[in-house]
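# Report on the structure
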Amino acid sequence: MVADIIRLEDAFEVAGFLDSVDVDRHGENFYSAKILGGAEQLESLREQGVKHAIVAIGDNRARLRLADEFASAGFELAVAIHPRAIVATDVRIGAGTVIAAGAVLNPGCTIGRNVIINTAASVDHDCNIGDASHISPGAHIAGNVTIGSCAWVGLGASIIEKVQIGNDAIVGAGALVIRNVPSGVVVAGHPARPIESTSAHD
Ligand SMILES: CC(C)(COP(=O)(O)OP(=O)(O)OC[C@H]1O[C@@H](n2cnc3c(N)ncnc32)[C@H](O)[C@@H]1OP(=O)(O)O)[C@@H](O)C(=O)NCCC(=O)NCCS
């Protein structure tokens, strides 16, 4: 998805993919570019003149950690905004953030670094979305909502105005959030209430 957005923007050429987990994929073609190897390739890529990188994985903490590693290795984190996302002129967007197709970001929003605003999610006026959070497809966030870092808002969830969602909190798919969610807490349902999550913070 992220490579597709980057190609549609036509601002960068995709030099290749890195995968430090599945070494069997090294050398394979993936989405019209090669999986060049793992993190050991970073230095040689810099030497070859590659200046930008972007982390395209869903795990929020891992995405932030890898983004920091890229930055330490001298890469600038690219921002990927789908040409058919709607982004108000004054929205501030941090490095490494991905805005997918059909997403709407209304005026006065601040979006942190390495955030994912996924397909057709909407973030209304004056929201603040913290670093490495993920707003899943079709989620709707009303005005003046604050979301901490590494939070995950699930598929199709709705959050009413002025609510505050803490760091590492999780809003389950389809939830309707009407009250603040403390850091690290998992909520779900209508209205959303804390649940005993079995695997969310594994
Ligand atoms: C909230 C969530 C993270 C919890 O995952 P989990 O820890 O594995 O939760 P479990 O499956 O163990 O469920 C724990 C309880 O919460 C309930 N529950 C879980 N998710 C729920 C949801 N979204 N809405 C309502 N209830 C939910 C389960 O039914 C279960 O209840 P029970 O104990 O009465 O049977 C997960 O269900 C979820 O909604 N993830 C979001 C997925 C998503 O949006 N993906 C988009 C990717 S781009």
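Residues numbered from 1 in each chain as written. Predicted model: local features only at pLDDT ≥ 70, side-chain atom pairs only at ≥ 80, totals over all residues. Heavy atoms only, no water.

The next point concerns the side chain of Ser136. Its location among the elements puts Ser136 in the loop between strand E15 (134-135) and strand E16 (140-141). Sequence-distant contacts of Ser136, that is, excluding residues within four places in its chain, are made with Asn118, Ala121, Trp152, Val153, Gly154 and Leu155. (Helix = DSSP H or I, 4+ residues; strand = E, 2+ residues; numbered from the N terminus. Contact = heavy atoms within 4.5 Å.)

Read from one edge of the open sheet, 5 strands run E8-E11-E14-E17-E20, paired in parallel fashion. Of all the strands in the sheet, just strand E8 (92-93) and strand E20 (164-165) have a single pairing partner and so form its edges. Where strand E11 (residues 110-111) lies against strand E14 (residues 128-129), 2 bridges are found, and the strand directions are parallel. Residue pairing for E14: Thr110 is matched across the bridge by Asn128. (Pairing = 2+ DSSP bridges.)

Around the ligand, a shell composed of 17 residues is seen, among which Leu155, Ala173, Ser197, Thr198 and Ser199 lie nearest. Between the ligand and Ala173 there is a distance of 2.9 Å, counted from an oxygen atom to a backbone nitrogen or oxygen. Take Ser197: an N or O atom from its side chain is 2.5 Å from an oxygen atom of the ligand. Here the ligand has 910 Å² of accessible area as a free molecule, and 52% of this is covered by the chains. (Near = heavy atom within 4 Å. Polar contact = N/O pair within 3.5 Å; in protein donor to acceptor, adjacent residues only side chain to side chain. Areas by Shrake-Rupley, 256 points an atom, 1.4 Å probe, with all protein chains shown as cover.)

Further remarks concern the nonpolar core. Counting residues in hydrophobic clusters, the biggest one holds 32 residues, and the most contacted among them are Ile117, Ile135, Ile141, Ile147, Ile159, Ile165 and Val177. With near-sequence residues (within four places) excluded, Ile165 lies in contact with Thr146, Ile147, Gly148, Ala151, Ile159, Val171, Val177 and Val181. By size, the runner-up hydrophobic cluster in this structure holds 9 residues, among which are Ala53, Val55, Phe70 and Leu77. (Core = buried A, V, L, I, M, F, W, Y, C linked by side-chain atoms within 4.5 Å. Buried < 20%, exposed > 50% of the residue type's maximum accessible area, 1.4 Å probe, protein only.)

Moving on, we come to the pattern of salt bridges. A complete count under the given rule lists 5 salt bridges for this structure. Between Asp19 and Arg25 there is a salt bridge, with its nearest N and O atoms 3.0 Å apart. For Arg25, a relative accessible area of 23% corresponds to the partly exposed category. (Salt bridge = Lys/Arg side-chain N within 4 Å of Asp/Glu carboxyl O.)

With that settled, consider the domain arrangement of the protein chain. Size of an interface, as often reported, equals the accessible area lost when the parts are brought together. The domain architecture assigned to the protein chain consists of domain 1 (2-77) and domain 2 (80-187). Computed over C-alpha atoms, the centres of domain 1 and domain 2 are 24 Å apart. For the pair domain 1 and domain 2, the two sides together bury roughly 1400 Å², of which 61% comes from carbon and sulfur. Of all residues in domain 1, Ile5, Asn60 and Arg63 bury the most surface against domain 2, accounting for 35% of the area lost on that side. For Arg61, the salt bridge goes to Asp168, with nearest N and O atoms at 2.8 Å. Scanning the region where domain 1 abuts domain 2 turns up 8 residue pairs in polar contact (both at pLDDT 80 or more). For the side of domain 1 that touches domain 2, the element with the most residues is helix H3 (residues 60-72), which contributes 6 residues. A per-class count over the side of domain 1 that touches domain 2 returns 9 nonpolar, 2 polar and 4 charged. (Domains from an automatic or database assignment. Buried area = accessible area lost by both parts, 1.4 Å probe. Nonpolar A, V, L, I, M, F, W, Y, C, P; charged D, E, K, R; others polar.)

Attention now goes to H3. The end-to-end C-alpha distance of H3 is 19 Å, a good match for the 18 Å that 13 residues give at a rise of 1.5 Å each. Looking at H3, one finds that the buried residues are Asn60, Ala62, Arg63, Leu64, Ala67 and Phe70. The backbone nitrogen of Arg61 lies 3.2 Å from a side-chain oxygen of the residue at the head of H3, namely Asp59. (Expected span 1.5 Å × (residues − 1).)

Turning our eyes to something else, we now look at the packing of aromatic side chains. Applying the stated criterion across every chain, the model contains 2 aromatic pairs. When the ring of Phe17 is compared with that of Phe30, the centres are 5.0 Å apart and the planes differ by 80°; the resulting orientation is edge-to-face. Here Phe30 lies in strand E2 (residues 29-30) and Phe17 lies in strand E1 (residues 17-18), a separation of 13 residues in the sequence. Judged by relative accessible area, Phe17 falls into the buried class, the value being 18%. Each ring, one from Phe70 and one from Phe75, has its centre 6.0 Å from the other, and the planes form 70°; the classification is edge-to-face. (Phe/Tyr/Trp six-rings, centres within 6.5 Å; stacked < 30°, edge-to-face > 60°.)

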